[in-house]
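# Structural overview
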Amino acid sequence: MNRARHSRTLQIWLSVVALVMLAWTLFPVYYMLLLSFTPTNDLFRPGLYVDHPTVRNYVYTMGQDNPFVRYFWHQISNSLVIAVWAMVVVAAIAALGSFAMARINFRFRRFVSGLTLFTYVIPSSFLSIPFFRMMADYDLIDTKLAVVLAMVTFASPYALWVLSDYARSLPPELEEAGAIDGAGTFATFLYLYLPLIRPPLIAIGTYAFLYAWNEYLYALLLLTGEPRITLPVAMGNFLTTDNAPWNLLMAVSTVYSIPPVVLYYVFKRYLVSGLVSGAVSGT
Amino acid sequence: MRGRLLRSRTVHGFLFTAPLLALFAAFVIYPMSLGVWYALDADAYRALFSDPIFRQTVVNTLWYVGVAVNLKLVLALLLSGILDYPFRWIRLLAALFLIPWAIPALPGILSFRWMLNSQWGIFNYLLTVFGLPSVPWLAQYWTALGAVMVFHIWKYLPFWTIIFLAGRRAIPNELYEAAAIDGASGVQNFWHVTFPLLRNLYLICTLLSMVFTLGDFTVPWLMTGGAPGDSTHVLATLAYRYTFTMGRLEWGMATFAVALPATLGFIAMLLRWVKI
């Protein structure tokens, strides 16, 4: 009896906190969606709901039917191409690296792991200006390659971390099986190791994809020209004009947010576990 | 035989990590040295420290890194306790609470900016509905800097809450059972069981979050762009302004170089605690 009442007051308190949390979390998202369905006539009449919702902003965006979204499909495909390349290259580099880090007890391991942690921790913006200079020297400004290289560099450490952590939990019979079959180290990697690390490999590929998809600074520095920039850079450029069509901008924002939201919820578990296990086991 | 094995291990280890090492050498070590090279310019530092905007920027960065990050982590630690309750609806709450983490920063910032718009934003609309004077949120120093900090908390609170939640779940239940036998209250549980066991995790998260935030460009740049009147810059946005608006590459590099000792200190501490 007493216990039940205790639990009920607890639940009431929790629901109050939960309501505050939800209002705080969801309101900006709700407002973004609300604005994306607002007709231009109602844009300057603020409110908590919209009287005459419209999908026109999405139609304009999809049809590139406004000077602000003239290159929408170019820009979203630029984002996509960069993100896919980052995903593939990070997965390849981290798969190779994690095999060495987790399964081979070689001499420079501590050096590699220190360098990896350093790259993970150093804020990428600190390197942005010299990186820009380098790319200018090599005449790579305005190429997707420049952005992909930056994304691969900064997404690799975490990917290596997660994969190595997983690879260490694989049984030692892996190498023994390879040795019995007379397979060399590379064949062991390719035919025995790679199939086993598929689940975390998919997760870190997703991580790299999202990292590149969300990137703003490096894309801003390295790309110029409406048809060549990525979607977030184009959205940031909206802000430089005084008469930005905010309802249209929010429709673009919503479209831009859909892939990451879907991927985050599908791969949520993988995306946090690496950092947690790294931090917890490190103590 | 043994020597050959060791040598072949070293060769293989090197081969498998070669792409990674090449990447770090070319795009971390080299740009870093290039940056330090550019930043070795006494005139640049003299110019920076006599620039009132730079001094203001250092103060802003300290606010951002010192206050926003720590407030966020304290909240994350407390909220992770809420998400740890075993009620079924809490799972739904946790899932919804993660949305800001999943949405890229940019759409969120845009939404905040329109909400804070002094003429047509929802905040000023609600203020006038209640008969209060409207506030020029992004056009005055404290509220503009506050908006940057509040957005930072909105966007990154869920991530760190999940990290602490995982930390809490790793604490063996027996400890709480023992505390319950001793008649410990909820607050005592927190201070004598939960917090001591999460302390290391909390410290590492604080360090990591501080370093990440120290270099943040996207949030301050898109929220205020330094406005009003270049008063709300942080290091990264000021370096961008020096380099690309004013064409002073060495000033931009020197701006980052000022933060480098602190960053390297953080990294040294992390290297001691975290292993890959």
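Nothing here was measured: the structure is a model prediction, and the numbers come from that model.

### Let's talk about the overall build of chain A
Each helix and strand counted, chain A has 12 helices and 0 strands in total. Overall, chain A shows an N-to-C arrangement of helices and strands of α-α-α-α-α-α-α-α-α-α-α-α. Over its C-alpha atoms chain A spans a radius of gyration of 24 Å, topping by over 25% the 19 Å that the globule rule assigns to 283 residues. C-alpha atoms of chain A, sized along the principal axes, occupy 75 × 75 × 35 Å. Looking at chain A as a whole, 54% of its 283 residues qualify as buried. Just so you have it, chain A exposes about 12800 Å², and 64% of that area is on carbon and sulfur atoms. On chain A, the mean spot of the 17 positive side-chain charges and the mean spot of the 14 negative ones are 11 Å from each other.

### Considering the environment of alanine 76 of chain B
All names here are of chain B. Within the secondary structure, alanine 76 is located in helix H3 (residues 52-83). Classification of alanine 76 by relative accessible area gives buried; the value is 0%. Distance from alanine 76 to arginine 46, taken between C-alpha atoms, is 40 Å for residues 30 residues apart in sequence. Alanine 76 has contacts with Leu157, Trp160, Thr161 and Phe164, leaving out every residue within four places of it along the chain.

### What about the interface of chain B and chain A?
Frequently, the measure chosen for interface size is the accessible area removed from exposure when the parts meet. The interface is formed by 92 residues belonging to chain B together with 99 residues belonging to chain A. Taking both partners together, chain B and chain A bury about 9100 Å²; carbon and sulfur atoms supply 83% of that area. The tally of links between chain B and chain A comes to 0 salt bridges. Our count for the contact surface shared by chain B and chain A stands at 10 residue pairs in polar contact (both at pLDDT 80 or more).

### Focus on the packing of aromatic side chains
Applying the stated criterion across every chain yields a total of 51 aromatic pairs over all chains. On the numbers, 6.3 Å between centres and 25° between planes, the contact of tryptophan 114 of chain B with tryptophan 120 of chain B is stacked. Here phenylalanine 217 of chain B and tyrosine 240 of chain B contribute two aromatic rings whose centre-to-centre distance is 5.4 Å and whose plane-to-plane angle is 55°, an arrangement assigned as tilted. On the criterion of sequence distance, the pair formed by phenylalanine 217 of chain B in the loop between helix H10 (186-214) and helix H11 (218-223) and tyrosine 240 of chain B in helix H12 (residues 235-245) is long-range, its members being 23 residues apart. Look at phenylalanine 217 of chain B and you get buried, because its relative accessible area is 3%. A relative accessible area of 16% places tyrosine 240 of chain B in the buried class. The rings of Tyr120, Tyr158, Trp161, Tyr207 and Tyr211 of chain A together with Phe212 of chain B are connected pair by pair, giving a single aromatic cluster. Between the NZ or CZ atom of arginine 248 of chain B and the centre of the ring of tryptophan 251 of chain B, over which it lies, the distance is 4.6 Å.

### Some words on the confidence of the model for chain A
The pLDDT averaged across chain A works out to 88; a share of 93% of its residues lies at or above 70. In the predicted structure, residues 278-283 of chain A sits below a pLDDT of 50 and forms 14 contacts with residues beyond four places in sequence or in another chain.

### So, the pattern of salt bridges
For the structure shown, the criterion picks out 7 salt bridges over all chains. Note that aspartate 137 of chain A is salt-bridged to arginine 133 of chain A, the shortest N-O span being 3.9 Å. Here arginine 133 of chain A and aspartate 137 of chain A lie together in helix H5 (residues 128-137), a separation of 4 residues that amounts to about one turn. Given the relative accessible area of 29%, arginine 133 of chain A is considered partly exposed. Close ionic contact of arginine 169 of chain B with aspartate 84 of chain B constitutes a salt bridge, the shortest N to O distance being 3.3 Å. With a gap of 85 residues between them, arginine 169 of chain B in helix H8 (residues 141-169) and aspartate 84 of chain B in the loop between H3 and helix H4 (88-97) connect regions that are remote in the sequence. Judged by relative accessible area, arginine 169 of chain B falls into the exposed class, the value being 54%.

### Notes on the packing of helix H4 (residues 109-121) of chain A against helix H13 (residues 249-273) of chain B
How two helices pack is summed up by the angle between their axes together with the distance between the axes. Where H4 of chain A meets H13 of chain B, the axes come as close as 10 Å, and the angle between the chain directions of the two elements is 135°. Here H13 of chain B runs oblique to H4 of chain A, going by the angle between their axes. H4 of chain A and H13 of chain B meet at a crossing whose hand is right-handed. Along the contact surface, H4 of chain A presents Gly114, Leu117, Phe118 and Val121 of chain A, while H13 of chain B presents Leu264, Ile267, Leu270 and Leu271 of chain B. Split by residue class, the contact of H4 of chain A with H13 of chain B holds 7 nonpolar, 1 polar and no charged.

Procedures and definitions
- Residues numbered from 1 in each chain as written.
- Chains lettered and ligands numbered in written order.
- Predicted model: local features only at pLDDT ≥ 70, side-chain atom pairs only at ≥ 80, totals over all residues.
- Heavy atoms only, no water.
- Helix = DSSP H or I, 4+ residues; strand = E, 2+ residues; numbered from the N terminus.
- Rg over C-alpha atoms; globule rule 2.2 N^0.38 Å.
- Buried < 20%, exposed > 50% of the residue type's maximum accessible area, 1.4 Å probe, protein only.
- Areas by Shrake-Rupley, 256 points an atom, 1.4 Å probe, with all protein chains shown as cover.
- Lys, Arg positive; Asp, Glu negative; His and termini not counted.
- Charge placed at Lys NZ, Arg CZ, Asp CG, Glu CD.
- Contact = heavy atoms within 4.5 Å.
- Buried area = accessible area lost by both parts, 1.4 Å probe.
- Salt bridge = Lys/Arg side-chain N within 4 Å of Asp/Glu carboxyl O.
- Polar contact = N/O pair within 3.5 Å; in protein donor to acceptor, adjacent residues only side chain to side chain.
- Phe/Tyr/Trp six-rings, centres within 6.5 Å; stacked < 30°, edge-to-face > 60°.
- Lys NZ or Arg CZ within 6 Å of the ring centre and 35° of its normal.
- pLDDT = per-residue confidence, 0-100.
- Axes fitted to C-alpha atoms, helices over the stretch in contact; angles between N-to-C directions.
- Parallel < 35°, antiparallel > 145°, perpendicular 65-115°, else oblique.
- Left-handed = near helix turned anticlockwise from the far one by under 90°.
- Nonpolar A, V, L, I, M, F, W, Y, C, P; charged D, E, K, R; others polar.

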